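# Residue-level structure breakdown
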Amino acid sequence: MRILKTLNQPVFSSFYGISLEIKREDLIHPFVSGNKFRKLKYNLLQTKSEDKDTLLTFGGAFSNHIAAVAAAGKENGFRTIGVIRGEELRNGFGDNPTLNFASNCGMEFDFISREEYRKKTTQDFILQLKKNWGDFYLIPEGGTNDLAVLGCQEILEESDADFDFICCSVGTGGTISGLINSSKSHQKIIGFPALNGDFLKEEIRKFATNERWELIDDYVFGGYAKHSTELITFINRFFSETSIPLDPVYTGKMVFGVIDMIRNNYFPKDAKILMIHTGGLQGIDGMNMKLQKQHSPLLLKDV
C-alpha cells in the first residue's frame, strides 16, 4: 500500500496562548486510513514473507478494522476472513455499511456468538478456525501486535519534534504505544480512551518503551461507541468551522477532550499540541443509521 497524502492542519494558532494542529492521518488512503494503514503495513509484509495468502481477523459489525483488512486484502491480493462478534447478522447483513463494504472487497464472514467471541485468543479456538478455514495469517482484533506498533512509530516525523504534547484516541493501545516509542524526550503523549477499563494501561506497557504518557478517561461519553447530543453537536460544529470530519467513537472524543482541557488550563501557556486523526470515518454511516432511528441530528462528513 502507498501513502497518498497526510498533513498537519492548524486548528487554531493562538487560543488561550496555545497552538493546536491535527495530523490528518485519515488522508493516507481512501479505504485503509489512519492508524489502520500503519498497523497493517508490516503485518502485510510479514504475511507475504511467510508465503501465506489468507488474512483472518476479528471485529464487530461496524468495525473500522474489519473494513480496513478487507480493503487491504483486496488491494494486495489476499483472501480475507472476518470473524464477527454476534450471530444476529448470520442470515444477512442488510444495509450494514461496514459489512457490505467488506463483502464487496471479497471478505468472507464467520458470525459467532458473543460467548464464543470471548474465546478468540485461546489455542483451541484458533485451531478450530484453522480446521474451518485452512491456514491463515492471524491479525488480532483492532490490529495491535508488535508489527502494528512498529508501523505506528512512523506516524511522527522529524517535523513534529517542535510539539510539546501529542494527543490521540486509544482503542487497543497499539497506536499510542507507537507514538510513545517514537516521541522525543521533551514530548508527552496523552491518550483518550474510547472505552472504560484500566486494562489499557497494562496493554500499553507491553509495548511502550518509556513512561512519558498519560491516559485521560474523562471523555469516554458512557463507553465504547456511546455518544451524547453534546458530542454530536461538537463534531458537527468542528466540521463546519474547519472542514475536518471526525468520527464519534475515537477521534471526535479525543478532539473534544483536548479543547475542553485547553479551556480548563490543563496545558501550559504557549504549549504546542499535535492531535493525531486516526481515521475511522467509515463508521459515520453506521452511526448515522443509529442516530436516524433515534430521530437525532446526523453527523456531517465529506467522505
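Quick look at the structure, then. The shown structure was predicted, so the numbers you read here are calculated from the model rather than taken from an experiment.

A word on helix 9 (residues 229–242). Helical geometry note: an α-helix holds 3.6 residues per turn, so side chains three or four residues apart project in the same direction. Between its terminal C-alpha atoms helix 9 stretches 20 Å, which fits the 20 Å expected from 14 residues at 1.5 Å a residue. Considered for burial, the residues of helix 9 that qualify are Leu231, Ile232, Phe234, Ile235, Asn236, Phe238, Phe239 and Thr242. Downstream of helix 9 by a residue or two, Ser243 has a phi angle that is positive, lying close to 65°.

What follows deals with the environment of Leu179. Along the chain, Leu179 falls in helix 7 (residues 174–182). The class of Leu179 is buried, set by a relative accessible area of 0%. Along the primary structure Leu179 and Phe239 are separated by 60 residues, whereas in three dimensions their C-alpha atoms are 25 Å apart. Each residue touching Leu179, except ones within four places of it in the same chain, is listed here: Cys152, Ile155, Leu156, Ile166, Cys168, Ile189 and Ile276.

On to the packing of helix 1 (residues 35–49) against helix 2 (residues 64–76), then. At a closest axis distance of 11 Å, the pairing of helix 1 and helix 2 adopts a crossing angle of 45°. Considered as vectors, helix 1 and helix 2 are oriented oblique to each other. For the crossing formed where helix 1 meets helix 2, the hand is right-handed. Across from Lys36, Leu40, Leu44 and Lys48 in helix 1, the residues of helix 2 making contact are Asn64, His65, Ala68, Val69, Ala72 and Asn76.

Turning to the pairing of strand 7 (residues 165–170), a few remarks are in order. By the criterion of burial, strand 7 is predominantly enclosed, with 6 of the 6 residues buried. The handedness of the strand 7 to strand 8 (residues 188–193) crossover, carried by helix 7, is right-handed. As judged from the 3 bridges shared by strand 7 and strand 10 (residues 272–277), these two strands associate in the parallel manner. Across the sheet, the residue bridging to Ile166 is Leu274, located in strand 10.

This paragraph deals with the environment of Gln123. Take Gln123: it is sitting in helix 5 (residues 123–133). The spacing of Gln123 and Arg205 is 82 residues in sequence and 24 Å in space, taken between C-alpha atoms.

This part covers the pattern of salt bridges. Per the stated rule, a full pass over the model turns up 17 salt bridges. Between Arg24 and Asp26 there is a salt bridge, with the nearest N and O atoms lying 2.8 Å from each other. Asp26 carries the same exposure label as Arg24, and that label is buried. A salt bridge links Lys184 to Glu158, with the shortest nitrogen-to-oxygen separation between them at 3.0 Å. Placement of Lys184 in the loop between helix 7 and strand 8 and of Glu158 in the loop between helix 6 (146–152) and strand 7 is noted, with a sequence separation of 26 residues between them.

The rules behind each value
- Residues numbered from 1 in each chain as written.
- Predicted model: local features only at pLDDT ≥ 70, side-chain atom pairs only at ≥ 80, totals over all residues.
- Heavy atoms only, no water.
- Helix = DSSP H or I, 4+ residues; strand = E, 2+ residues; numbered from the N terminus.
- Expected span 1.5 Å × (residues − 1).
- Buried < 20%, exposed > 50% of the residue type's maximum accessible area, 1.4 Å probe, protein only.
- Contact = heavy atoms within 4.5 Å.
- Axes fitted to C-alpha atoms, helices over the stretch in contact; angles between N-to-C directions.
- Parallel < 35°, antiparallel > 145°, perpendicular 65-115°, else oblique.
- Left-handed = near helix turned anticlockwise from the far one by under 90°.
- Right-handed = clockwise from strand over helix to strand, strands pointing away.
- Pairing = 2+ DSSP bridges.
- Salt bridge = Lys/Arg side-chain N within 4 Å of Asp/Glu carboxyl O.

Shape is all these values report; function is a separate question.
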